[in-house]
Amino acid sequence: MRKDEQVTDAAFVLTRRHALECMVWAGTGVVWTVSGGIPKSLGLLDTAQAADTAQGAMTFLQISDSHIGFDKEAKVTAVDTLTEAIDRIKALPVKPAFIIHTGDITHLSKDGEFDDAARIVDSTGLEVFYVPGEHDLIDPGQGKAYLDRYGKGTLGAGWHAFDRDGVHFIGLVNVVDLKAGGLGNLGAEQLAWLKNDLDGRSASTPIVVFAHIPLWSIYPQWGWGTDDAAQALALLRRFGSVTVLNGHIHQIMQKVEGNMVFHTARSTAFPQPQPGTADKPGPVIVPANQLRSMLGLTSVDFTVGKERLAITDTTLA
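In what follows, the accompanying structure is described. Being a predicted model, the structure only gives us computed values, none of them experimental.

Rules used in this analysis
Residues numbered from 1 in each chain as written. Predicted model: local features only at pLDDT ≥ 70, side-chain atom pairs only at ≥ 80, totals over all residues. Heavy atoms only, no water. Phe/Tyr/Trp six-rings, centres within 6.5 Å; stacked < 30°, edge-to-face > 60°. Helix = DSSP H or I, 4+ residues; strand = E, 2+ residues; numbered from the N terminus. Buried < 20%, exposed > 50% of the residue type's maximum accessible area, 1.4 Å probe, protein only. Pairing = 2+ DSSP bridges. Right-handed = clockwise from strand over helix to strand, strands pointing away. Core = buried A, V, L, I, M, F, W, Y, C linked by side-chain atoms within 4.5 Å. Contact = heavy atoms within 4.5 Å. Salt bridge = Lys/Arg side-chain N within 4 Å of Asp/Glu carboxyl O. Lys, Arg positive; Asp, Glu negative; His and termini not counted.

1. Details of the packing of aromatic side chains
Each aromatic ring pair is specified by the distance between its two centres and by the angle formed by the two planes.
Consideration 1: A complete count under the given rule lists 15 aromatic pairs for this structure.
Consideration 2: With centroids separated by 5.3 Å and ring planes inclined at 5°, the aromatic side chains of Phe 60 and Phe 98 adopt a geometry described as stacked. In this pair, Phe 60 sits in strand 6 (residues 57-63) while Phe 98 sits in strand 7 (residues 98-101), placing the two residues 38 residues apart along the sequence.
Consideration 3: Judged by relative accessible area, which is 1%, Phe 60 ranks as buried.
Consideration 4: Residue class for Phe 98 comes out buried when judged on its relative accessible area of 0%.
Consideration 5: Both rings, one in Phe 129 and one in Phe 162, keep their centres 3.8 Å apart while their planes meet at 10°; by these two values the pair is stacked. Here Phe 129, found in strand 8 (residues 127-130), pairs with Phe 162, found in strand 9 (residues 160-164); they are 33 residues apart in sequence, far enough to count as distant.
Consideration 6: Pairwise contacts between aromatic rings join Phe 60, Phe 98, Phe 129, Phe 162, Phe 169 and Phe 210 into one cluster.

2. Concerning the pairing of strand 8
Consideration 1: Taken together, the four bridges between strand 7 and strand 8 define a ladder with parallel strand orientation. Counted as the bridge partner of Ile 100 is Phe 129 from strand 8.
Consideration 2: Note that the unit made of strand 7, helix 3 (residues 111-122) and strand 8 has a crossover that is right-handed.

3. Quick look at the nonpolar core
Consideration 1: Ranked by internal contacts, the top residues of the largest apolar core, which has 61 residues, are Ile 63, Ile 89, Ile 170, Leu 172, Ile 207, Val 209 and Leu 236.
Consideration 2: Once residues lying within four places of it in the same chain are set aside, the contact partners of Ile 63 are Leu 82, Ile 86, Ile 89, Ile 99, Ile 100, His 101, Thr 102, Val 121 and Leu 297.
Consideration 3: The next biggest cluster of nonpolar side chains, apart from the first, holds 15 residues, and it includes Met 58, Val 131, Val 300 and Ile 311.

4. Here's the deal with the pattern of salt bridges
Consideration 1: All told, the structure shown has 14 salt bridges when counted by the stated rule.
Consideration 2: Note that Asp 199 and Lys 195 form a salt bridge whose closest N and O atoms lie 3.2 Å from each other.
Consideration 3: Residue class for Asp 199 comes out partly exposed when judged on its relative accessible area of 45%.
Consideration 4: For Lys 195, a relative accessible area of 42% corresponds to the partly exposed category.

5. A look at the side chain of Glu 134
Consideration 1: Within the fold, Glu 134 resides in the loop between strand 8 and helix 4 (144-150).
Consideration 2: No salt bridge forms around the buried Glu 134; measuring N to O, its nearest opposite-charge neighbour Lys 280 is 13 Å away.

Scope: geometric values only; no functional claims are made or implied.
This is how it looks when you write it as structure tokens:
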């Protein structure tokens, strides 16, 4: 970091002269209030404080990388841990407006895996919006199984957009035609659709983008980035508040770049190594008594009129 950038108590201050471009590890249970694209850590909140924070807010939840069908953990299955995550949601005193699932619903795109995931997630009774992960597109029809279940009202390989409480949500698909090393790819057709979707919208509209593979370059050597993300981000830069939610890397990482906040979520199935700490990405098998502390879900609050989003990550432990 440069000398004119300050880091105080995990709150990041953006100077007028320079855009902050930092990558930080966010702690478990830390609430990030986002204003003008800048996150500020509010620290760990207890239940009462969290309830006060959420009053008057539209809240939605992100889950990711449930990998139903993954069976390498000796004592705990992906079904077990997804069920625990969903039970957490069902027990919330104030129900979220909806759920976003940022892909890798299944591990092998099998019908039974999709059925198990739907049974568990749908038990919340909440509306759920999906984008696929690469593990959801390896059926013989190369994505037909996913689209048969979740493709209604979407375009192409499943991209779509909707509005809630003054926020515009955009679900992008970047797991088709992966590039060298497994880098994500949006493609010309989807980028043209995105431009058309954003044209004419006020720059004051808060935008939430969600996709499976991160839309920022975390570790290209492992395919942790999207090849043509710069073209999508260029279309989003005029908006005053842009939040980008991703999965794929199974760990919390956050980046701030001008008015954009990028946030990746934990998996509900298994952790992955930190960038560059292993020969390649893949499941990290840990003792059963440690596993749940490395899994989790994300909630996001938006208060109308304040143009801020508060991002909260919790573990299953």
